[in-house]
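Report on the structure
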Amino acid sequence: RAGGGKMAVQAVHLEADAFLVCLNHALSTEKEEVMGLCIGEVPPAEGRPREGRVAALPVDTNRIVHIHSVIILRRSDKRKDRVEISPEQLSAASTEAEISFSRDSSRLAKMTGRPMRVVGWYHSHPHITVWPSHVDVRTQAMYQMMDQGFVGLIFSCFIEDKNTKTGRILYTCFQSVQAQKSSDPARPWTDSCKVAEVSFLFAAFNYISHPSRYDRIEIPIHVVPHETIGKVCLESAVELPKILCQEEQDAYRRIHSLTHLDSVTKIHNGSVFTKNLCSQMSAISGPLLQWLEDRLEQNKQRMQELQQEKEQLLEELAALE
Amino acid sequence: TDFFDKDGVMKDIRAIYQVYNALQEKVQAVCIDVEKSERVVESFQADVNKLKRQIAQKKNEKEQEIRMQQAILSRQMPTDNVEPMFVPRMSYTGFAVEGCTLEDSDVSDPPPPYSDFNTSTHDSSGSPGLLESSSIFMPRPQAVGSSSYVSTTAGLKYSGNGASMPSSQRALADNVDESEDSDYENLLEPTESSDSEYSQTRESRPSAHPDGDSRNTQTSQI
């Protein structure tokens, strides 16, 4: 088993509404990877049983990460096999997230009474296996240098079962651990020069074959169901089309700023921009609006049901008194 | 002038912006309504849960009262086979019942307890376990760039400023196939970043147009 030692994080609890936003974001495009930040907390450790008492050891809550919401990040480079954000954007997003969540008077802050912070990151693997690549593992290891409890989530989507033609979505949570060194069998050598030469070649071969010095370690992740959707998650969900539009605008402005373009090329580029924006509205904004309207209708019905139930309970309570 | 306005911006782009902004405003407005309704549902649910707790507490108090009375009666008449009898209600403060009912919280039962173990790493070809990942079967979703759209061109690809950023900031996968066509064009020679859909030269247009026209490579610059 590679990467021995105690894990910094024992488990991750992902709120259902945050999970919804992550899925929505991951499914927004099958051509490029997307990325975002996870906002949450690591609750303080609870009391331990007294010395001498025979009792089951409680779960060390200090090692469970609770993710309450996510922030969708704007990409500086849209590719199908990579997702990048600038270090400045990452830092700014982290700072903004922590400030806004500490001021948030919604149920999130009221519920926990504790400030939220960036506790992890997520990205998508469209048409790619759910397991993190060696670069993902290195990126995660870099984040863990700043925060040992930082976790990484990956959503693998647009994977079809060839037989049933049904779509599959896989998700996983991982951290990085230092890879164990390969153990070389001890072999006696009479010629010291040959030993040095072979060791060097072996080390070089190892480096080429295994450029990463980190291994992934999977963290159990559980989605915590919720009956309602938090304000922060709703805002993140409707932020998605704006972010996608901004990315499109950035790309179009970069090309439009070129002065040597002829009119036909400009028309062509403008048409491509229009087409892409229409595609976003059709695939993202339109279904999002439909989902919101359906949700509003569902909530209205739920309010009526709860109101009736409340009246019945009041009658029952009055009868008991 | 048929395509551009006085500011040099394509008229189609202004039109699509108007449509997009209108749609986004509508989304924002409905989102605000949804958020308010979610809070109202939460409030109603909290009221219902509170009432259920109160009812459960009342019932418990009554049961405690009846049991106490029965215990008193049974002590007074220990040898007689006395059936439980109803006594006038006595003032009794009973026990305060706390805790939540099953329908109390809007959060379901907590996840199962964890054992203190280190999960082993898996090969990249290994199948995900129950604890490590989960799978959901659902119909193939329609997303930007899906093959079901009329346009057969590839999705946007941009050349990022990768050289100026530390490689540790990137999340990469092993698949590095980038042989897709680009939509946008430019007037310069194809560079490494010419896989972007945006065009900088007409001569670098991909030979495979949606309508199969093969004459594009021979068009001259205006």
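Residues numbered from 1 in each chain as written. Chains lettered and ligands numbered in written order. Predicted model: local features only at pLDDT ≥ 70, side-chain atom pairs only at ≥ 80, totals over all residues. Heavy atoms only, no water.

The secondary structure content of chain B amounts to 1 helix and 2 strands. Reading the helices (α) and strands (β) of chain B from amino to carboxyl end gives α-β-β. Residue burial in chain B is summarised as follows: out of 222 residues, 30% are buried. Carbon together with sulfur atoms contributes 54% to the accessible area of chain B, which is approximately 14400 Å² in total. (Helix = DSSP H or I, 4+ residues; strand = E, 2+ residues; numbered from the N terminus. Buried < 20%, exposed > 50% of the residue type's maximum accessible area, 1.4 Å probe, protein only. Areas by Shrake-Rupley, 256 points an atom, 1.4 Å probe, with all protein chains shown as cover.)

What follows covers the packing of aromatic side chains. According to the stated counting rule, one finds 8 aromatic pairs over all chains in the structure shown. Ring centres of Tyr143(A) and Phe150(A) lie 5.0 Å apart, and the angle between their planes is 50°; on these two criteria the pair is classed as tilted. Linked through ring pairs, Phe19(A), Tyr122(A), Phe155(A) and Tyr171(A) together constitute an aromatic cluster. Here the basic side chain of Lys310(A) rests over the ring of Phe44(B), its NZ or CZ set 5.8 Å away from the ring centre. (Phe/Tyr/Trp six-rings, centres within 6.5 Å; stacked < 30°, edge-to-face > 60°. Lys NZ or Arg CZ within 6 Å of the ring centre and 35° of its normal.)

Turning next to the packing of helix α7 (residues 263–320) of chain A against helix α1 (residues 11–76) of chain B. One can describe the packing of α7(A) onto α1(B) by two numbers: an axis separation of 7 Å at closest approach and a directional angle of 20°. Between α7(A) and α1(B), the crossing angle belongs to the class labelled roughly parallel. Pair α7(A) / α1(B) crosses with left-handed handedness. Residues that form the contact of α7(A) with α1(B) fall into these classes: 30 nonpolar, 10 polar and 15 charged. (Axes fitted to C-alpha atoms, helices over the stretch in contact; angles between N-to-C directions. Parallel < 35°, antiparallel > 145°, perpendicular 65-115°, else oblique. Left-handed = near helix turned anticlockwise from the far one by under 90°. Nonpolar A, V, L, I, M, F, W, Y, C, P; charged D, E, K, R; others polar.)

Now for α7(A). With 58 residues, α7(A) extends 82 Å between its outermost C-alpha atoms, agreeing within 8% with the 86 Å of an ideal straight helix rising 1.5 Å per residue. Sitting at the amino-terminal end of α7(A) is Asp262(A), which places a side-chain oxygen 3.1 Å from the backbone nitrogen of Val264(A). (Expected span 1.5 Å × (residues − 1). Polar contact = N/O pair within 3.5 Å; in protein donor to acceptor, adjacent residues only side chain to side chain.)

This part covers the confidence of the model for chain A. Residues and elements named next belong to chain A. For chain A, per-residue confidence averages 80 on the pLDDT scale, and 72% of positions sit at 70 or higher. Considering each helix and strand of chain A separately, the mean pLDDT is smallest for helix α5 (residues 192–209), with a value of 48, and largest for strand β10 (residues 221–224), with 96. Across residues 48–55, confidence stays below pLDDT 50; counting only partners more than four residues off in sequence or on other chains, it has 4 contacts. Overall, residues 183–196 carries pLDDT values under 50, and its contacts beyond four positions in sequence, including any with other chains, amount to 3 contacts. (pLDDT = per-residue confidence, 0-100. Contact = heavy atoms within 4.5 Å.)

This paragraph deals with helix α1 (residues 16–26) of chain A. Most of α1(A) is tucked away: 8 of the 11 residues are buried. Turning to α1(A), its buried residues are Asp17(A), Ala18(A), Phe19(A), Val21(A), Cys22(A), Leu23(A), His25(A) and Ala26(A).

Another point: the confidence of the model for chain B. Residue and element names in this part refer to chain B. Looking at chain B as a whole, its pLDDT mean stands at 62, while 36% of the residues score no less than 70. Low confidence marks residues 91–108, where pLDDT is under 50. Its contacts with residues over four positions away, or in another chain, come to 23 contacts. With pLDDT under 50 throughout, residues 203–222 is counted as low confidence; its partners more than four residues away or in other chains account for 27 contacts. Overall fold confidence for the complex sits at a pTM of 0.67, while the interface term, ipTM, reaches 0.76.

All names here are of chain A. We note that His 127 has phi near 60°; this positive angle belongs to a residue other than glycine. Inspection of the secondary structure puts His 127 in the loop between β6 (117–126) and α4 (134–146). Residue class for His 127 comes out partly exposed when judged on its relative accessible area of 45%. Even without a glycine there, the phi angle at Lys 165 is positive, about 60°. A relative accessible area of 59% means that Lys 165 is categorised as exposed.

Moving on, we get to the nonpolar core. Residue and element names in this part refer to chain A. One finds Val 12, Ile 67, Tyr 122, Val 151, Leu 153, Phe 155 and Leu 292 to be the most contacted residues of the largest nonpolar core, which totals 62 residues. Built from parts of two domains, this core gets at least three residues from each of domain 1 (11–45 + 60–180 + 202–224) and domain 2 (231–320). What Val 12 contacts, discounting residues up to four positions off in sequence, is Val 65, Ile 67, Val 151, Cys 173, Ile 219, Pro 220, Ile 221 and His 222. In this structure, Met 35, Ile 39, Val 130 and Tyr 143 belong to the second largest nonpolar core, which totals 16 residues. (Core = buried A, V, L, I, M, F, W, Y, C linked by side-chain atoms within 4.5 Å. Domains from an automatic or database assignment.)

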